[in-house]
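# What the coordinates show
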Amino acid sequence: MSETAPGLTTQPTATTYELGELVPWAWQGRIRVPHFQRGFRWQAKDVLRLFDSIVRGYPVGNLLLWVRKSPAEKIKLGQLVIEAPAHDEVLWVVDGQQRLTSLANALHPEGNKHEPFNVVYDLAEDAFIETPRYGLEPHHIDVPTLFDGRRLLSWFRTQGPDVEDYYDKAEVVSTKLRQYKVPAYLVRQDDLRVLTDIFDRMNNYGRRLNRAEIFTALNSGTEEGFEGRLNFSRIADNVAARTLFGTIDVNTILAAFLARRGPDPMRDIRSEFSTGSRRSQLEFVEDEQTAYREAEEALVRAVMFLIETAGVPHIALLPYRAQLVVLTRFFAHFPEPTSNSLRLLRRLFWRLSIAGPSVFMGSFTQFSRILSNKIRPGDEEGSLQALLETMKGAVYARPNPDRFRTNEATTKIVLSAWWSSRPRSLATGVPADVQSLSSVLGDEQTPVGATPYVFPRLNEPGERDKRLWAANRIFLPFGEDLPSEVFRMLVEPRIDLDEATWRKVIDSHLIGDDALDLLVRGDRTGFLEARQTRVRAQLDDFLARMTEWDYEDTPSLDGLDFDDEDEEENEPEIDFSDDQLR
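Remember, it's a predicted structure, so these values are computed and weren't measured experimentally.

Now for the overall build of the chain. A count of helices and strands for the chain gives 21 helices and 10 strands. Every one of the 582 residues in the chain was classed for burial, and the buried ones make up 52%. Long-range pairs, those at least 24 residues apart, make up 73% of the contacts in the chain with a sequence separation of at least 6. In the form shown here, the chain has an accessible surface area of approximately 27700 Å², with 47% of it arising from carbon and sulfur atoms.

So this is what it looks like as structure tokens:
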């Protein structure tokens, strides 16, 4: 995108459309959604509120439609797949995607079968509701039938006398739906830069898009050829498929993408690919698609470091997303680090996981900026020493396993420590691997699906305060069904597992003989206390190995500088104005 969009040569045309005209156009493919639009985000409550507003006659907002000649193509609109013919005046949705997608799907017989578009009208309660799980009552009418006058009449004829008193009410609602007028502005402009500029400005008001969505819109390119181009969502899918690490959110991918190309991952995104208005020089000279491809490769290397060297097998166990941003920058500039560099990088990762919030005052946006600035192209050893220097003076404090909440960094550190023991299946005795963990967590962002309670209910005196202990959870990273009562499987092992295998299973879950004996005797408090002692000891051992806190962070001999001449380094001044990793 160039520096300045030229503006509109003609003002948008203001008009109105009735839903009875607009919705069939969407079904016919005359209304389409540009590829730079974000995905569908509304939930069932949003769709229901839209229909309720329409029948009440409330305004639901204007549409902004881009009018342009478009070829025939197969398009997807929500759950609908449409063979759209060529047309001289296709209406591309610049603003109003969520509303039009909701209406086109909810009012279509096929789209209405899927959540969140499964809307029905309750004639008895005068309200739009989701399709009940137990099925429709006689006084429930699906909105595709309500929207179509002929189908509505036929429905009442077949439903019988139980609903005939509702006909007048249904006809009024049906008419309100079909005749509801939606204001729209039509923009006739061939220059895509103008549309993305309008899109950007509109989304700086009200409910804003996130940074990654705005970046994608600003740098979307033409509609033609879009399917073959990389973007952040596709990078997320590719990295997940290549590594089994789970799906990285697009905002983290954007920050990693920016960090690879320059030391500030929070810089202004509007001039990333322009040549005249950029404040700082980027470190790679490349076209847009090359930038996306290389960002994906650097991300894959960073993720494989986490899995193979740092011992973090899935994004759900990553303590802080900003760590991945910095690692991506490092592996972009140093794709094949020495073994000593990998060891020092592992130390840094785990020291940051433990003490980073205190060092960087809880702001991991500052963390990503400061550490990215320490990575200097062409100087692997110097970059690592500068990174480790940021943690000098940090105080080691073991994360507290007495509070196990799956969305918190402390819990993810505890689980990474457990992962190092390769927990075994309670059913087969087989140790976990990355693939088995991925089969359970998939794209989940927290590990809740793999960490059931040992005792879901602890209500006796002396027990309640132990419910949140790590000892009351078990890590089962396997695709098999999780047991409803884990403790029964622990005291009643599978008969097809021999004694030696079963002892390996129990030991992999940090359950010693003393704790198991207490569990068999029904002493839940004693079991939790004994296992929690083991959990703390294993966590201490894991972090001691990973952080090597008291070791000297010595560079390799090749990296030592024996030159007597002192040189001063001029580091760039860091801008802390934007403190949100959006």
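Moving on to the sheet that holds strand 3 (residues 63-70). In space, the five strands of this open sheet follow the order 1-10-3-6-2, with mixed pairing throughout. At either end of the open sheet lies a strand with only one pairing partner, and these are strand 1 (13-18) and strand 2 (31-32). Strand direction decides the pairing type here: strand 1 and strand 10 (residues 181-187), joined by six bridges, are antiparallel. Residue pairing for strand 10: Thr13 is matched across the bridge by Leu186. Relative to strand 1, helix 1 (residues 19-28) is tilted by about 90°, and along the sheet it contacts strand 1, strand 2, strand 3, strand 6 (87-95) and strand 10.

Using the criterion set out here, one finds 32 salt bridges in the structure. Residue Glu296 is joined to Arg242 by a salt bridge in which the shortest nitrogen-to-oxygen separation is 2.9 Å. Of this pair, Glu296 sits in helix 11 (residues 288-310) while Arg242 sits in helix 9 (residues 232-243); the two residues are 54 residues apart in sequence, bridging distant segments of the chain. On the basis of relative accessible area, Glu296 is assigned to the buried category, the value being 8%.

The next subject is unusual backbone geometry. Geometrically, the link from Glu115 to Pro116 is a cis peptide bond, its omega value of 0° lying close to zero. Structurally, Pro116 can be placed in the loop between helix 3 (97-106) and strand 7 (119-122). You will see that Asp126, though not glycine, has its phi angle at about 55°, which is positive. With respect to the helices and strands, Asp126 occurs in the loop between strand 7 and strand 8 (127-130). At Leu510, a residue that is not glycine, the phi angle is positive and equals roughly 60°. Among the secondary structure elements, Leu510 is positioned in the loop between helix 19 (499-508) and helix 20 (513-520). On the basis of relative accessibility, which here comes to 4%, the residue Leu510 falls in the buried class.

Let us look at the packing of aromatic side chains. Under the definition given, this model contains 18 aromatic pairs. Their ring planes at 80° and their centres at 6.4 Å tell us that Trp27 and Phe147 sit as a pair that is edge-to-face. On the criterion of sequence distance, the pair formed by Trp27 in helix 1 and Phe147 in helix 4 (residues 143-147) is long-range, its members being 120 residues apart. For the ring pair Phe232 and Tyr292, a centre distance of 5.5 Å and an interplane angle of 70° mean the geometry is edge-to-face. One end of the pair, Phe232, is in helix 9; the other, Tyr292, is in helix 11, with 60 residues separating them in the sequence. Of the two residues examined, Phe232 and Tyr292, each falls in the buried class. Chaining the aromatic ring pairs together yields one cluster made of Phe305, Phe330, Phe331 and Phe334. We note Arg467 situated over the ring of Tyr453; from NZ or CZ to the ring centre the distance is 4.3 Å.

Let's shift gears to the environment of Trp418. By the element assignment, Trp418 lies in helix 16 (residues 409-419). We classify Trp418 as buried; its relative accessible area is 3%. The spacing of Trp418 and Ser508 is 90 residues in sequence and 8.1 Å in space, taken between C-alpha atoms. Once residues lying within four places of it in the same chain are set aside, the contact partners of Trp418 are Phe404, Pro423, Ala470, Arg473, Ile474, Phe475, Leu510, Arg531, Val535 and Gln538.

Turning to the pairing of strand 6, a few remarks are in order. Sheet topology places strand 2 next to strand 6; two bridges connect them, and they run parallel. Bridged to Arg32 within strand 6 is Trp92.

At a closest axis distance of 10 Å, the pairing of helix 2 (residues 44-56) and helix 3 adopts a crossing angle of 85°. Judged by the angle between their axes, helix 2 and helix 3 are roughly perpendicular. In contact with Val47, Leu50, Phe51 and Ile54 of helix 2, helix 3 contributes Arg99, Ser102, Leu103 and Ala106. Residues that form the contact of helix 2 with helix 3 fall into these classes: six nonpolar, one polar and one charged.

Let's shift gears to the nonpolar core. Counting 78 residues, the largest nonpolar core has Phe232, Phe257, Leu306, Trp350 and Trp418 as the members making the most contacts within it. Among residues more than four places away in sequence, those in contact with Phe232 are Ala212, Phe215, Thr216, Val250, Ile253, Leu254, Phe257 and Tyr292. Core analysis: the second largest hydrophobic core is formed by 49 residues, Tyr17, Phe51, Leu91 and Leu152 among them.

To continue, consider helix 20. Count 3.6 residues to each turn of an α-helix, and residues three or four apart come out pointing the same way. Among all positions in helix 20, only Ala515, Leu516, Leu518 and Leu519 are buried. An end-on view of helix 20 places all buried positions within 160° of arc, on one side of the element. Exposed side chains of helix 20 directed beyond 90 degrees from the buried face belong to Asp513 and Val520. Along its buried surface, helix 20 packs onto helix 18 (486-491), helix 19 and helix 21 (524-547). One or two steps after helix 20, the chain reaches Gly522, where phi turns positive at roughly 85°.

Further remarks concern the sheet that holds strand 8. A sheet is described by the order of its strands in space; here three strands give the open sequence 8-7-9, paired in antiparallel fashion. Both edges of this open sheet fall to strand 8 and strand 9 (140-142), since each of them pairs with a single strand only. Taken over all neighbouring pairs, the strand axes of this sheet differ in orientation by 40° on average, direction set aside. Taken together, the four bridges between strand 7 and strand 8 define a ladder with antiparallel strand orientation. Within strand 8, the residue paired with Asp122 across the bridge is Ala127. Sheet contacts for helix 2: strand 7 and strand 8; angle to strand 8, the most-contacted strand, approximately 160°.

Reading the values: the criteria
- Within each chain, residues carry numbers counting from 1 in the order of the written sequence.
- Local features in this predicted model are restricted to residues whose pLDDT is 70 or higher, and side-chain atom pairs enter the listing and the counts only when it is 80 or higher, whereas totals over whole chains, interfaces and linings include all residues.
- As a rule here, side-chain values come from all non-hydrogen atoms in the structure, and water together with hydrogens is ignored.
- Strands here mean DSSP runs of E at least two residues long; helices mean DSSP runs of H or I at least four residues long; both are numbered from the N terminus.
- Working definition: with a 1.4 Å probe on protein chains only, accessible area under 20% of the residue-type maximum means buried, over 50% means exposed, and in between means partly exposed.
- Residue contacts are counted whenever heavy atoms from the two residues lie within 4.5 Å of one another.
- Using the Shrake-Rupley algorithm and a 1.4 Å probe, accessible areas are obtained, with residue cover drawn only from the displayed protein chains.
- Note on pairing: DSSP must find at least two bridges between two strands before they are called paired.
- Every axis in this analysis is a line fitted to C-alpha atoms, fitted for helices over the stretch in contact. Angles between the N-to-C directions lie between 0 and 180 degrees.
- Salt bridge criterion: a side-chain nitrogen from Lys or Arg within 4 Å of a carboxyl oxygen from Asp or Glu.
- Each aromatic pair joins two rings of Phe, Tyr and Trp (for Trp, the six-membered one) with centres within 6.5 Å, and gets the label stacked for planes under 30 degrees apart, edge-to-face for over 60, and tilted for any other angle.
- Geometrically, a lysine NZ or arginine CZ counts as sitting over a ring once it is within 6 Å of the ring centre and also within 35 degrees of the ring normal.
- To sort the angles, those under 35 degrees are grouped as roughly parallel, those over 145 as roughly antiparallel, those from 65 to 115 as roughly perpendicular, and the leftovers as oblique.
- Three categories are distinguished: nonpolar for Ala, Val, Leu, Ile, Met, Phe, Trp, Tyr, Cys and Pro, charged for Asp, Glu, Lys and Arg, and polar for the others, with Gly belonging to the last.
- The definition of a nonpolar core used throughout is a set of buried Ala, Val, Leu, Ile, Met, Phe, Trp, Tyr and Cys residues joined through side-chain atoms within 4.5 Å.
- The directions considered for the arc run from the helix axis to the C-beta atoms.

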